[in-house]
Amino acid sequence: MERLQKVIARSGYCSRRKAEELIAAGKVTVNGDTVTLLGTKVSYADTVTVNGTLIEPEEFVYYVLYKPEGYVSTTDDDKGRKTVLDLVPNEKRIYPVGRLDYDTSGVLLLTNDGTFANLMASPKHKVDKEYLVKMKGFLRKHESAQLAKGVVIDGHKTRRAVIKNVTYHKQTETSFCHIIIREGKYHQVKRMFETVGHEVITLKRVRYGVVTLDGMKKGEHRLLKPHELKQLRHMANS
Ligand code: URA
């Protein structure tokens, strides 16, 4: 069951506020009866009209995109840069769940389900995000131990993280590692590595909960599988 104004707004008929006005003005019917109560809940089996027009509820869609570098994760950009919405079917007014930086690649979820997006974005949620990091210099044991224990960014200590698969490439004087975190503060991974003296050169999110890039090429998208969606919801709530 959903609030009537939400169902109307999500159909694309008008904004939620406008829908509230229309309900209060007696312009909305549910199963043939005029409804003026704002809190009224309806299901998708109910027939809703506004000003005599039938409201077609918008179905939820959930995509995973292998975001390439060079795209912003917002729905539009004031600098005119390409956005991730240029890479997915956009008939359902979807938007990204959280953000990846312009120069970061990897797993990005997109949906038109606000409840799901909020659940994933909630600071309490417990979905692992795994990144492949390429950085300048040699990542020493005590530095990775420090990152795992927590470092201070913006006056807050980061939560426990896992650092694994550390390798050093002598010729280029760069290190690679995987880091698994549950938070998603602004530029979190880059800033964490900065605190231990390593500038991140490239960053790729290789996993979001159970969702990976397996079988996908940069720029490609696919629908989330039902079991992936179920597990993400389950992890976020556990
Ligand atoms: N951390 C970052 O610094 N950037 C991202 O895009 C994601 C996590």
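That block above? That's the structure.
Asks: I'd like a rundown of the pattern of salt bridges, residues and numbers included.
Replies: In this structure the tally under the stated criterion is 16 salt bridges. For the salt bridge of Arg81 with Asp77, the shortest nitrogen-to-oxygen distance reads 2.9 Å. For Arg81, a relative accessible area of 28% corresponds to the partly exposed category. Between Arg182 and Asp128 there is a salt bridge, with the nearest N and O atoms lying 2.9 Å from each other. Placement of Arg182 in the loop between strand S14 (174–181) and helix H5 (188–195) and of Asp128 in the loop between helix H3 (114–121) and strand S10 (129–136) is noted, with a sequence separation of 54 residues between them.

Asks: So what's going on with the pairing of strand S13 (residues 162–169)? Which residues, and what values?
Replies: In this structure, S13 lies alongside S14, joined through six bridges in antiparallel fashion. Across the sheet, the residue bridging to Thr167 is Phe176, located in S14. Between the antiparallel neighbours S13 and S14 lie four residues, among them Glu173 with a positive phi of about 50°.

Asks: A description of helix H4 (residues 141–149) should follow, citing residues and the corresponding values.
Replies: Of the residues making up H4, those classed as buried are Glu143, Ser144, Leu147 and Ala148. Looking straight down H4, one finds its buried side chains confined to an arc of 140°; they lie on one side. Facing away from the buried side of H4, by more than 90 degrees, are the exposed residues Lys141 and His142. Buried residues along H4 sit in contact with S13 and H5.

Asks: Can you tell me about the site of the ligand, naming the residues and giving the values?
Replies: Looking at the ligand, the residues that line it are Leu100, Asp101, Thr104, Tyr131, His187, Gln188, Val189, Lys190 and Leu203. Taking Gln188, its main chain carries an N or O atom lying 3.5 Å from an oxygen atom of the ligand. Here Val189 contributes a backbone N or O atom positioned 3.1 Å from a nitrogen atom of the ligand. For the ligand, the cavity whose grid points lie within 2 Å of the majority of its atoms is the largest pocket. For the shell around the ligand, the element with the most residues is H5, which contributes three residues. Of the residues assigned to the shell around the ligand, the class counts are four nonpolar, three polar and two charged.

Asks: I'd like a rundown of the nonpolar core, residues and numbers included.
Replies: One finds Val133, Ile179 and Phe193 to be the most contacted residues of the largest nonpolar core, which totals 31 residues. Counting only elements with at least two residues in this core, the list comes to strand S7 (62–67), strand S9 (104–111), S10, H4, S14, H5 and strand S15 (200–208). With residues near it in sequence (within four places) discarded, Val133 still touches Ser175, Phe176, Cys177, Ile179, Val189, Phe193, Val200, Thr202 and Leu203. Within the second largest apolar cluster, 19 residues are counted, among which are Leu109, Met120, Val211 and Met216.

Asks: A description of the environment of Val97 should follow, citing residues and the corresponding values.
Replies: One can find Val97 in the loop between strand S8 (95–96) and S9. The spacing of Val97 and Phe176 is 79 residues in sequence and 26 Å in space, taken between C-alpha atoms. Dropping the residues within four chain positions of it, Val97 is found in contact with Leu108, Leu109, Leu110, Thr111, Ala117, Met120 and Tyr208.

Asks: A description of the packing of aromatic side chains should follow, citing residues and the corresponding values.
Replies: Using the criterion set out here, one finds three aromatic pairs in the structure. Ring geometry for Phe138 against Tyr168: centres 4.9 Å apart, planes inclined by 80°, an arrangement best described as edge-to-face. Of the two residues, Phe138 is situated in the loop between S10 and H4 and Tyr168 in strand S13; the sequence distance between them amounts to 30 residues. A relative accessible area of 38% places Phe138 in the partly exposed class. Following the ring pairs from residue to residue traces out a cluster consisting of Phe60, Tyr62 and Phe116. Just above the ring of Tyr102 sits the side chain of Arg81; from NZ or CZ to the centre is 4.6 Å.

What counts, and where the lines are drawn
- Residue numbering note: each chain is counted from 1, following its sequence as written.
- Predicted model: local features are reported for residues with pLDDT of at least 70 only, side-chain atom pairs are reported and counted for 80 or more only, and whole-chain, interface and lining totals are derived from all residues.
- Computation of side-chain values covers all heavy atoms of the structure but excludes hydrogens and water.
- Between Lys or Arg on one side and Asp or Glu on the other, a salt bridge is scored when a side-chain nitrogen of the former is within 4 Å of a carboxyl oxygen of the latter.
- Exposure classes here rest on a 1.4 Å probe applied to the protein chains alone. A residue is buried below 20% of its type maximum, exposed above 50%, and partly exposed in between.
- Helix numbering and strand numbering both begin at the N terminus, where a helix is a DSSP run of H or I of at least 4 residues and a strand a DSSP run of E of at least 2.
- Pairing between strands is defined by DSSP: at least two bridges between them are needed.
- Note that the arc is defined by the directions from the helix axis to the C-beta atoms.
- By definition in these notes, contact holds between two residues if any of their heavy atoms fall within 4.5 Å.
- Put simply, a residue is near a molecule or strand once any heavy atom of it comes within 4 Å of that molecule or strand.
- Pairing of N or O atoms within 3.5 Å defines a polar contact, subject to two protein rules: one partner must be a possible hydrogen donor and the other a possible acceptor, and residues neighboring in sequence count only if both atoms are side-chain atoms.
- In the cavity and pocket records, a cavity denotes points on a 1 Å grid over the protein atoms alone where a 1.4 Å probe fits but cannot get out, a pocket denotes an open set with protein on both sides within 12 Å along at least 5 of 7 lines, and lining residues are residues with an atom within 4 Å of a point.
- For a cavity or pocket, the test is whether more than half of a molecule's atoms lie within 2 Å of its grid points; if they do, the molecule sits there.
- We call Asp, Glu, Lys and Arg charged. Ala, Val, Leu, Ile, Met, Phe, Trp, Tyr, Cys and Pro are nonpolar, and the rest, Gly among them, are polar.
- Joining through side-chain atoms within 4.5 Å is the link that ties buried Ala, Val, Leu, Ile, Met, Phe, Trp, Tyr and Cys residues into a set, and such a set is a nonpolar core.
- Pairing of aromatic side chains here covers Phe, Tyr and the six-membered ring of Trp, requires ring centres within 6.5 Å, and sorts the geometry by plane angle: under 30 degrees stacked, over 60 edge-to-face, intermediate tilted.
- By definition, being over a ring means that NZ of Lys or CZ of Arg is both within 6 Å of the ring centre and within 35 degrees of the ring normal.

All we've got here are geometric facts, nothing functional implied.
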